[in-house]
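Chain and residue survey
Here is how the chains run, residue by residue.
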Amino acid sequence: ANRLAPFRRGDGVTVFAPSRMKRDRMLPKSVYVFDAYGTLFDVNAAARSAAADPAFASLAANWPAVAANWRAKQLEYTWLRAIAGHHCDFWRVTQDGLDWALETAKLGDPALRQRLLELYWELDAFPEAFAVLTRLRLAGAKTAILSNGSPAMLDAAVTSAGLADVLDAVLSVEDAGVFKPHASVYDLVGARFDCTPNDVLFVSSNGWDAAGAAGYGFTTAWVNRTGAPIDRLYATPHHIMNDLTPIPKVT
C-alpha cells in the first residue's frame, strides 16, 4: 500500500495524500509546474506586435504603458473577483483589463482593440522556454502549466508556441472555479499527478503567485525578469532568477 503523507497547506488545512512519485536521480523534483502568462508566454508580445503595424501607429509611442496597464488590471480583476466570489473566465478579465488600458491611453480604435485581443491568443514563448521544458522531460520529470487562463486560451497559446509536446498537462483554474492564489487552485497539481507538494517545483514570473504557492507548500521559483522587489506577503519564493534557464538545477 502507498503511505499517506501529511502536508499543511497555506490555509492551515492538513491534507493526506499518497506519495507515489519517484524522483529521477538527475533532478531534485519529479513534477515541474509553470505559470503560463508572463512565465512561459510573453504578455507584452501582443502590444509590441500591434505597435509595429503601421495600421496602428497610434499605439507605437505608448505601447509599453498600455501593455503594463493591461496586465496590471487583468490581475487586479482576478483578485477582486476571487475575493468577492464573482468568478468569470480569464478571457473576460483579459478584455476588461484591455478596455481600461485603452481608455486610459485615449485609444478608442475598435480595430486596435480587436487586433490586440487576437494577438493575445498567439503570444510568443520566451526564448528559453522550449529548451528548459525539453530538458526536464528528457530527465524524466513531469511538466505542466497551472494558469488562470481558460482552457481555450491555454490550448491556443500552447499550440501557437509549439510547447504541446513538452508538457504532460495544462491545468486551468476553471477546474477550481476561483483564481490564484486560492489553495484549491494549487490542489489541482496533486490531483493530476498523485503527488505531494514536496515532489513539486512551482515556477512563476508573478511574485505573488510564487509566494502563494510557497505558502501552500510547494518549493517555488520566482522568475523575476524585471528586477522587482519581493512582495510583502505571508510567504516568499525559495528561489529567484532572471529567466527560466536555471530551473533544472534548483533544489
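Look up: the structure comes first, before these words.
The notes below deal with the structure included here. (Residues numbered from 1 in each chain as written. Predicted model: local features only at pLDDT ≥ 70, side-chain atom pairs only at ≥ 80, totals over all residues. Heavy atoms only, no water.)

1. Observations regarding the sheet that holds strand β5 (residues 169-172)
A sheet is described by the order of its strands in space; here six strands give the open sequence β5-β4-β3-β6-β7-β8, paired in parallel fashion. Strands at the two margins of the open sheet, each flanked by one partner only, are β5 and β8 (239-241). Averaged over all pairs of adjacent strands, the angle between strand axes in this sheet comes to 20 degrees, irrespective of strand direction. In terms of strand pairing, strand β4 (residues 142-147) meets β5 through four bridges, oriented parallel. What sits directly across from S147, in β5, is S172. The sheet strands contacting helix α8 (residues 183-193) are β3 (31-34), β4, β5 and β6 (200-204), and the helix crosses β4 at an angle near 150 degrees. Here helix α9 (residues 207-216) sits on the sheet and contacts β6 and β7 (219-223); the angle it forms with β7, its principal contact strand, is near 175 degrees. (Pairing = 2+ DSSP bridges. Helix = DSSP H or I, 4+ residues; strand = E, 2+ residues; numbered from the N terminus. Axes fitted to C-alpha atoms, helices over the stretch in contact; angles between N-to-C directions. Contact = heavy atoms within 4.5 Å.)

2. Re the pattern of salt bridges
Note on pairing: side chains with opposite charge can pair once their charged atoms come close. Tallied over the entire structure, the rule returns nine salt bridges. Residue D42 pairs with R48 through a salt bridge whose shortest N-O separation is 2.7 Å. Among the ionic pairs, R137 bridges to D168, the shortest N-O distance being 3.6 Å. With R137 in helix α6 (residues 129-138) and D168 in the loop between α7 (151-161) and β5, the pair connects residues that are 31 residues apart, well separated along the chain. Residue class for R137 comes out partly exposed when judged on its relative accessible area of 29%. Exposure remark for D168: the relative accessible area of 24% places this residue in the partly exposed category. (Salt bridge = Lys/Arg side-chain N within 4 Å of Asp/Glu carboxyl O. Buried < 20%, exposed > 50% of the residue type's maximum accessible area, 1.4 Å probe, protein only.)

Without other data, these values stay purely geometric and don't point to any function.
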